[in-house]
Amino acid sequence: MAVAQPKPDLTESRIAALELPKGGAWGMAARADALARLRVMGLPGRRDEYWKFTNPDSLTQVAAPRAALFEAKDEAPLFDAVDRLRIVFVDGVFDAEQSDELSLEGVEIERLADAMARDIHWAREFYGTLETAGQTPVARPLAALNTAFATDGLVIRAVGKAAKPISLVYLHRSETSDAILHHVVRVEEGAELTILENGPAAARFNKCMEISVADRGAFHHVRAQGRDHERRAATHMFARLGAESRYKSFTLTVNGVMTRNEHVIELTGDDASAHVAGAAMGDGKLQAFHHDDTVFVTHGALRCESRQVFKKVLRNGAEGVFQGKILVKPGAQKTDGYQISQALLLDEEASFQAKPELEIYADDVKCSHGSTTGAIDETALFYLRARGVPRETATDLLVLAFIDEAIQEIEDATLQDDIRTRLQLWLERRRRG
Amino acid sequence: MLTIKNLHVKLEDEDKQILKGVDLTVEAGKVHAIMGPNGSGKSTLSYVLSGRDGYEVTDGTATLEGEDLLGMEPEERASAGLFLAFQYPVEIPGVGNMTFLRTAMNAQRKARGEEEVSAGDFLKLVREKAKALKIDAEMLKRPVNVGFSGGEKKRNEILQMAMLEPKMCILDETDSGLDVDAMKLVADGVNALRDAGRGFLVITHYQRLLDHIRPDVVHIMADGRIVKTGGPELALEVEQNGYADILAEVA
Ligand SMILES: Nc1ncnc2c1ncn2[C@@H]1O[C@H](COP(=O)(O)OP(=O)(O)OP(=O)(O)O)[C@@H](O)[C@H]1O
Ligand SMILES: [Mg+2]
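Residues numbered from 1 in each chain as written. Chains lettered and ligands numbered in written order. Predicted model: local features only at pLDDT ≥ 70, side-chain atom pairs only at ≥ 80, totals over all residues. Heavy atoms only, no water.

- Looking at an unreviewed UniProt entry, one finds chain B named Fe-S cluster assembly ATP-binding protein, with Roseicyclus mahoneyensis as its source organism.

- Looking up chain A in an unreviewed UniProt entry gives the name Fe-S cluster assembly protein SufD, with the organism given as Roseicyclus mahoneyensis.
- Turning to chain A, the UniProt annotation filed under Sequence similarities (unreviewed entry) states: "Belongs to the iron-sulfur cluster assembly SufBD family." (UniProt positions renumbered as here; feature names shortened; annotations may be inferred.)

See the structure below:
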């Protein structure tokens, strides 16, 4: 009788193919801890409850699936109109040549490796800390893998009001690149910082950002995930928010065969607020499109406010997923939690799965959540067409109108317009084929 | 201008015949009015002409300046010069009135091989036309028809008509829900567009609008057919006696 061979363990195979970056005692220790966490949790499989709607295989397999490069042709880079400090990563590696000097009024910026090389560094107590905290109650093994094996990243500390946004530009140049980036962000008391991110980054991108905002600090984040059809990404944003602090994040995703964006936010100081928004537009015609927003917001203090606004426009078999949870801890009275996820399905083949959850252990709170899946409004479509607007253009107008509620979550009007204009341009291109 | 022959229309999903042989010709430069009891098929006629889904033409033809309307997409009909002022104008949250108007204008121009209107010219034009209809700038900025009162929606329809300058205008109860002053504004808007090259089909229940827009011909529609055609005096007769006599007479 044949004896079944034990299946080579997915997690161990993946670990074996990676190398723990060297350098710096505290960095090495943090990485070793993360590796131990990863081993305990194991990489996610298809049967994991938290991965019920998204197949993690391509994100966990040993080698990154090949991803053809995408030429944006004559398109001006996003955020070009914004006065910003530009920092470039090529396939996950910092590129000093293409980047501005890492110097900005009100902010300290260093490469992760440089920070780890110094025994005494502010980032020491932050690297891996929020990721670790974010592992309960739900495990996030890809984030632990990231902390252990990140090959590059930045540590950014805002001590005052940052003179301008920091713009992280992720270029994709190799069809097989497998990038692991880890950024640590600290916004000190009363300080303010905006981080912009754009670009596909790599064939496969695992990115983790830990953001701790001290009392009365403000953090803004606007991200546009690149249009490469074949790129894959698993990203984590871990945030811990102090009293009266503000956190605002918006993500635009257009194309990408696989995207899983996780937000893990903990409101730990009274009167803090966290807004997370996302707009995803997927067309499965040229390449499959799967987009997953997974959000976990924990209210642990008084009078905090959180808001999740997610919109997806899907067609030709594109798949959208939203898992959003609001957890209100005992004693977190006067919590105001809101969550909405909406999908516009442009045909029968597209699909959207939503799992909104509330878990509340305080009695004086206001929490609401909603999720809708709908088709295009035929009456509105006819009205537009009856005025001479061709079907495709009319559909685009309605799509933009639908998405706009998420875009309005961006605080800065210039950035709002930048995103809007970009979407319009992309829709026009798509239409022209 | 508009020629409808023996038009038969049923609902697509139901076995229900709504138009049962409509014959109607609107000549260029003329204003025709259609009156008729509720449910007689007036709006259906206007929807079928503009290409709305849900109806099936089982017989008959409709042409605009000799071109077959029924084979065209709704946007093609619009570019060919057909305009329908909706009985119930549609609200479109998130789409600005100005964006909507400009997109429509340029789409039509493009379809006809004409030059697009510049942002500056457009703005000038829309301000001028809006002013005549007492539509303020704030309303223009709002999303299409969202939060507009019933009367404001109707005036907005006329603004679109004035901007798009169609050849054939169908107005479906544009007068319902209008106060006396707004009715006058709408009528002025229509009259300003009257010229030798343009036809109008005005669907209404009331004589009042027709006092301002003097129709050349009045039709009575009942149960999916035009049952009587006459001059402006026909509208007065309906106003005074209702439809009972007319329907009895043709039955
Ligand atoms: N989509 C539809 N589904 C079901 N019934 C319909 C539909 N469209 C029209 N009808 C029916 O067809 C008939 C004609 O309707 P239509 O709206 O054309 O009447 P009308 O003459 O415009 O009436 P009114 O004066 O009340 O506006 C009505 O009985 C109406 O209920
Ligand atoms: Mg009607």
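**With respect to the UniProt feature "domain: ABC transporter" (unreviewed entry) in chain B**
Line of reasoning, step 1. Residues given the UniProt feature "domain: ABC transporter" (unreviewed entry) here are residues 2–248 of chain B.
Line of reasoning, step 2. In residues 2–248 of chain B, the share of helix is 40% and the share of strand is 28%. The end C-alpha atoms are 29 Å apart. (Helix = DSSP H or I, 4+ residues; strand = E, 2+ residues; numbered from the N terminus.)

**Structural notes on the site of ligand 1**
Residue and element names in this part refer to chain B.
Line of reasoning, step 1. Near ligand 1 lie 15 residues; those nearest to it are Gly39, Lys42, Ser43, Thr44 and His205.
Line of reasoning, step 2. Between an oxygen atom of ligand 1 and a side-chain N or O atom of Glu173, the distance comes to 3.2 Å.
Line of reasoning, step 3. At three residues, the largest contribution of residues to the shell around ligand 1 is made by helix H1 (residues 42–50).
Line of reasoning, step 4. Its residues placed into classes, the shell around ligand 1 shows four nonpolar, eight polar and three charged. (Near = heavy atom within 4 Å. Polar contact = N/O pair within 3.5 Å; in protein donor to acceptor, adjacent residues only side chain to side chain. Nonpolar A, V, L, I, M, F, W, Y, C, P; charged D, E, K, R; others polar.)

**Some remarks on the interface of chain B and chain A**
Line of reasoning, step 1. Taken residue by residue, the interface counts 30 residues in chain B and 16 residues in chain A.
Line of reasoning, step 2. Each partner contributes to the roughly 1,800 Å² buried at the junction of chain B and chain A, and carbon and sulfur atoms together form 69% of this total.
Line of reasoning, step 3. At the junction of chain B and chain A, the tally comes to three salt bridges.
Line of reasoning, step 4. We note a salt bridge from A:Arg387 to B:Glu157, for which the minimum N-O separation is 2.7 Å.
Line of reasoning, step 5. Here chain B and chain A share ten residue pairs in polar contact (both at pLDDT 80 or more) between them.
Line of reasoning, step 6. The set of elements that each furnish at least two residues to the side of chain B that touches chain A consists of H1, helix H2 (74–79), strand S6 (82–85), strand S7 (92–96), helix H3 (97–111) and helix H6 (150–164) of chain B. (Contact = heavy atoms within 4.5 Å. Buried area = accessible area lost by both parts, 1.4 Å probe. Salt bridge = Lys/Arg side-chain N within 4 Å of Asp/Glu carboxyl O.)

**Re the coordination of the magnesium ion (ligand 2)**
Residue and element names in this part refer to chain B.
Line of reasoning, step 1. Surrounding the magnesium ion (ligand 2) are the protein donor atoms Ser43 (OG) and Gln87 (OE1), at 2.0 to 2.2 Å. Placement of the pair is Ser43 in helix H1 and Gln87 in the loop between S6 and S7, with a sequence separation of 44 residues. An identical accessibility class is assigned to Ser43 and Gln87; each is buried. (Donors = N, O, S within 2.8 Å, 3.2 Å for Na, K, Ca; no water. Buried < 20%, exposed > 50% of the residue type's maximum accessible area, 1.4 Å probe, protein only.)

**Things to note about the pairing of strand S2 (residues 17–26) of chain B**
All names here are of chain B.
Line of reasoning, step 1. Judged from the seven bridges that link them, strand S1 (residues 2–11) and S2 form a sheet pairing that is antiparallel. From the neighbouring strand, Lys10 faces S2, where its bridge partner is Gln17.
Line of reasoning, step 2. Linkage of S1 to S2, two consecutive antiparallel strands, is achieved through a turn of five residues. (Pairing = 2+ DSSP bridges.)

**A word on H1(B)**
Residue and element names in this part refer to chain B.
Line of reasoning, step 1. Most of H1 sits inside the fold, with nine of its nine residues counted as buried.
Line of reasoning, step 2. Buried residues of H1: Lys42, Ser43, Thr44, Leu45, Ser46, Tyr47, Val48, Leu49 and Ser50, and no others.
Line of reasoning, step 3. One or two steps after H1, the chain reaches Gly51, where phi turns positive at roughly 95°.

**Structural notes on the confidence of the model for chain B**
Residue and element names in this part refer to chain B.
Line of reasoning, step 1. Mean pLDDT over chain B works out to 93, with 100% of the residues at or above the 70 mark.
Line of reasoning, step 2. Confidence, read as mean pLDDT per element, is least for helix H10 (residues 244–250) in chain B (82) and greatest for H2 (97).
Line of reasoning, step 3. For this predicted complex, the interface confidence score (ipTM) comes to 0.96, while the overall pTM stands at 0.91. (pLDDT = per-residue confidence, 0-100.)

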